[in-house]
Amino acid sequence: NAGVTQTPKFRILKIGQSMTLQCTQDMNHNYMYWYRQDPGMGLKLIYYSVGAGITDKGEVPNGYNVSRSTTEDFPLRLELAAPSQTSVYFCASSRQGQAGTGELFFGEGSRLTVL
Amino acid sequence: DAKTTQPTSMDCAEGRAANLPCNHSTISGNEYVYWYRQIHSQGPQYIIHGLKNNETNEMASLIITEDRKSSTLILPHATLRDTAVYYCIVRVVTGGFKTIFGAGTRLFVKA
C-alpha cells in the first residue's frame, strides 16, 4: 500500500493563478482531510470529507474548494492564488466508525509558494 | 471535538524518559486521546491513542488520569531522533470529522 499520496510536492504560483493539489489514498478510508501549515505553526483544517459526495468546511476554508467523487481521491482547488496561501498542505485520511481506530494517515505534504 | 492545552516546548536528555503532558479538561465520554508527532516538515505520524485505560506500544506509553481531564505521553528512552513537535488531540472514533490540531509541544532531545 502506498498510503496517502500527494502531488505535486513543490509548486510556485503567481498571484491570481489557479491550481489543484491532488490527494489519493489506497486504504479504503472513508474520511479525508486537507490541512495547511504555516511556518512554525500547527495544522489548520481547511476541508474534510466523510465519504464520496460529502464535503464540509473546516477552520480556514476561504479561498479553497474541494470535491470527493470517489473514495480514493480528494483534490483541493485554489482558484485565485494569493500570497497568504503560501504554506505546506497536508492531506490525510482515516477510517472512522466501528471498523476503524480513527488514526489519521498523512501524506508527505505539498509545498506551495505564491509570488 | 474538545480542545487541548500543551506546553510550548520541553527539553529532555538523551536516554532519559520524556514525559509530555496534555490537558483536555472538556473531553467528552466518547472522545479518545490521540498523540501524533511531526519531525521537521514531514507529515504528522500517529503514535498512540486511548480512551481511559493506559496504553503502551512499541513507540510510547499513554497515561490517562482517572477523571480523563489530562494525559501524559511517555517516550521511555528518548533519542535524538525523537526531537519533534508532539500533538495531543481528542476526537471520537465514530464521527470525529473536525479533527483540530493545536500548536503542540516542541520536544528537544539533547545529547
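Residues numbered from 1 in each chain as written. Chains lettered and ligands numbered in written order. Predicted model: local features only at pLDDT ≥ 70, side-chain atom pairs only at ≥ 80, totals over all residues. Heavy atoms only, no water.

Q: Please clarify how the environment of His24 of chain B should be interpreted in this entry.
A: All names here are of chain B. Its place among the elements puts His24 in the loop between β2 (18–23) and β3 (32–38). For His24, a relative accessible area of 0% puts it in the buried group. Separated by 44 residues in the primary sequence, His24 and Arg68 have C-alpha atoms spaced 7.6 Å apart. A distance of 3.0 Å separates polar atoms of two side chains, one belonging to His24 and the other to Ser71. (Helix = DSSP H or I, 4+ residues; strand = E, 2+ residues; numbered from the N terminus. Buried < 20%, exposed > 50% of the residue type's maximum accessible area, 1.4 Å probe, protein only. Polar contact = N/O pair within 3.5 Å; in protein donor to acceptor, adjacent residues only side chain to side chain.)

Q: Can you help me understand the packing of aromatic side chains in this one?
A: Each pair of aromatic rings is reported with the distance of its centres and the angle of its planes. All told, the structure shown has 14 aromatic pairs over all chains when counted by the stated rule. The rings of Tyr31, Tyr33, Tyr35, Phe90 and Phe106 of chain A together with Tyr32, Tyr34, Tyr36, Tyr46, Tyr87 and Phe101 of chain B are connected pair by pair, giving a single aromatic cluster. Seen from the ring of Tyr34 of chain B, Arg91 of chain B lies directly overhead, with NZ or CZ sitting 5.7 Å from the centre. (Phe/Tyr/Trp six-rings, centres within 6.5 Å; stacked < 30°, edge-to-face > 60°. Lys NZ or Arg CZ within 6 Å of the ring centre and 35° of its normal.)

Q: Sorry if this is basic, but what is going on with the pattern of salt bridges here?
A: Side chains that carry opposite charge are capable of pairing whenever their charged atoms lie near each other. Residue and element names in this part refer to chain A. Per the stated rule, a full pass over the model turns up five salt bridges over all chains. Here Lys9 ties to Glu108 by a salt bridge, and the two come within 4.0 Å at their closest N and O atoms. With a gap of 99 residues between them, Lys9 in the loop between β1 (4–7) and β2 (10–13) and Glu108 in the loop between β10 (105–106) and β11 (110–114) connect regions that are remote in the sequence. Among the residues examined, Lys9 registers a relative accessible area of 43% and is labelled partly exposed. The exposed category is assigned to Glu108, whose relative accessible area is 55%. For Arg36, the salt bridge is made with Asp38, and the minimal N-O distance between the two is 2.8 Å. Since its relative accessible area comes to 30%, Asp38 is described here as partly exposed. (Salt bridge = Lys/Arg side-chain N within 4 Å of Asp/Glu carboxyl O.)

Q: Just checking my understanding: could you explain the state of the cysteines for this structure?
A: Covalent bonding between the sulfur atoms of two cysteines is what defines a disulfide. In total, this model carries two disulfides over all chains according to the counting rule given. In this model Cys23 of chain A forms its disulfide with Cys91 of chain A; the gap between the sulfur atoms is 1.8 Å. The chirality of the disulfide connecting Cys23 of chain A with Cys91 of chain A is left-handed, given an S-S dihedral of about -75°. Residue Cys23 of chain A is found in strand β3 (residues 19–25), and its partner Cys91 of chain A is found in strand β9 (residues 87–94); the two are separated by 68 residues along the sequence. Taken individually, Cys23 of chain A and Cys91 of chain A each receive the classification buried, so the pair is uniform in this respect. What pairs with Cys22 of chain B in a disulfide is Cys88 of chain B, and their sulfur atoms sit 2.1 Å apart. (Disulfide = S-S within 2.5 Å.)

Any link to function would need more than the numbers given here.
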